[in-house]
Amino acid sequence: MTKILIVDDAEFLRVRISKMLTGDGFEVIEADNGLRAVDTYKAQKPDLVLMDITMPEMDGLSALKEIRSFDSAAKVVMLTALGQESVVLEAIKSGAKDFIVKPFERDRVLNAIQKLV
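- Going by an unreviewed UniProt entry, the protein carries the name Chemotaxis protein CheY and comes from Ornatilinea apprima.

What follows is the structure, encoded as structure tokens:
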């Protein structure tokens, strides 16, 4: 079973994505900020990460860089709001495999996952 780590400080968004993915047979784990994402990634070793960019404690870009520093093969898809194009470019340069603009469609999320796992 494919294990996906959802990282977002908005609980409603984590719940929404989690319900969508578990309904499609994925195992889901969650973190509410970048710092917890790094710790959870090390402990759980997910197959893929869906990570928000703007979060407290540690933002998604910093967490992406930290995860990629110890796992260069990490598959991370960034979740972004409109208007964050420059941050998305930096995320791609830092190793993000894809990005999804919020509000997102179910098919867009599933397509991004299927491309990478």
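Some thoughts on the pattern of salt bridges
Alright, step 1. Per the counting criterion, the structure on display carries 8 salt bridges.
Alright, step 2. Taking the shortest distance from any N to any O, the salt bridge between K102 and D8 comes out at 3.1 Å. With K102 in the loop between β5 (98–101) and α5 (106–116) and D8 in the loop between β1 (3–7) and α1 (11–23), this pair connects stretches of sequence that are 94 residues apart.
Alright, step 3. Take D8: its relative accessible area is 1%, and that puts it in the buried class.
Alright, step 4. D98 is paired through a salt bridge with K115; the nearest N and O atoms lie 3.3 Å apart. Separated by 17 residues along the polypeptide, D98 in strand β5 and K115 in helix α5 bring together distant segments of the chain.
Alright, step 5. Given the relative accessible area of 61%, K115 is considered exposed.
Alright, step 6. Each of the salt bridges in this network shares a partner with another, and the network as a whole consists of D8, D52 and K102.

Re the nonpolar core
Alright, step 1. Among the nonpolar cores identified, the biggest contains 22 residues, and L5, V7, V49, M51, L64, V76 and M78 are the most heavily contacted of them.
Alright, step 2. Of all the elements in the fold, those that place two or more residues in this core are β1, β2 (27–31), α2 (34–44), β3 (48–52), α3 (60–70), β4 (76–80) and α4 (85–93).
Alright, step 3. With 4 residues, the single largest contributor to this core is α3.
Alright, step 4. Core analysis: the second largest hydrophobic core is formed by 19 residues, I4, M20, L50 and V77 among them.

Quick word on the pairing of β1
Alright, step 1. Of all 5 residues that make up β1, 5 are buried, and the element is covered over most of its length.
Alright, step 2. Read as a crossover between parallel neighbours, the route from β1 over α1 to β2 is right-handed.
Alright, step 3. As judged from the 4 bridges shared by β1 and β3, these two strands associate in the parallel manner. For L5, the partnering residue across the bridge sits in β3 and is V49.

What about the packing of aromatic side chains?
Alright, step 1. Counted according to the given criterion, the structure contains 1 aromatic pair.
Alright, step 2. Between the NZ or CZ atom of R16 and the centre of the ring of F104, over which it lies, the distance is 4.6 Å.
Alright, step 3. Above the face of the F70 ring, K42 is positioned so that its terminal group lies 5.0 Å from the ring centre.

As for the UniProt feature "modified residue: 4-aspartylphosphate" (unreviewed entry) in the protein
Alright, step 1. In the numbering adopted here, UniProt assigns the feature "modified residue: 4-aspartylphosphate" (unreviewed entry) to D52.
Alright, step 2. Taking the relative accessible area as the measure of exposure, D52 reaches 6% and is therefore buried.
Alright, step 3. Ignoring any residue separated from it by four or fewer positions in sequence, one finds D52 in contact with V7, D8, D9, G60, M78, L79 and K102.

Focus: unusual backbone geometry
Alright, step 1. In this structure, P103 follows K102 across a cis peptide bond, with omega equal to -10°.
Alright, step 2. Along the chain, the position of P103 falls in the loop between β5 and α5.
Alright, step 3. Look at K45: it is not a glycine, yet its phi comes out positive at around 50°.
Alright, step 4. Summarising the element assignment, K45 is placed in the loop between α2 and β3.
Alright, step 5. Unlike most non-glycine residues, E57 shows phi in positive territory, near 70°.
Alright, step 6. Looking at the element boundaries, E57 is found in the loop between β3 and α3.
Alright, step 7. A relative accessible area of 63% means that E57 is categorised as exposed.

Definitions and limits used
- Residues numbered from 1 in each chain as written.
- Predicted model: local features only at pLDDT ≥ 70, side-chain atom pairs only at ≥ 80, totals over all residues.
- Heavy atoms only, no water.
- Salt bridge = Lys/Arg side-chain N within 4 Å of Asp/Glu carboxyl O.
- Helix = DSSP H or I, 4+ residues; strand = E, 2+ residues; numbered from the N terminus.
- Buried < 20%, exposed > 50% of the residue type's maximum accessible area, 1.4 Å probe, protein only.
- Core = buried A, V, L, I, M, F, W, Y, C linked by side-chain atoms within 4.5 Å.
- Right-handed = clockwise from strand over helix to strand, strands pointing away.
- Pairing = 2+ DSSP bridges.
- Phe/Tyr/Trp six-rings, centres within 6.5 Å; stacked < 30°, edge-to-face > 60°.
- Lys NZ or Arg CZ within 6 Å of the ring centre and 35° of its normal.
- UniProt positions renumbered as here; feature names shortened; annotations may be inferred.
- Contact = heavy atoms within 4.5 Å.

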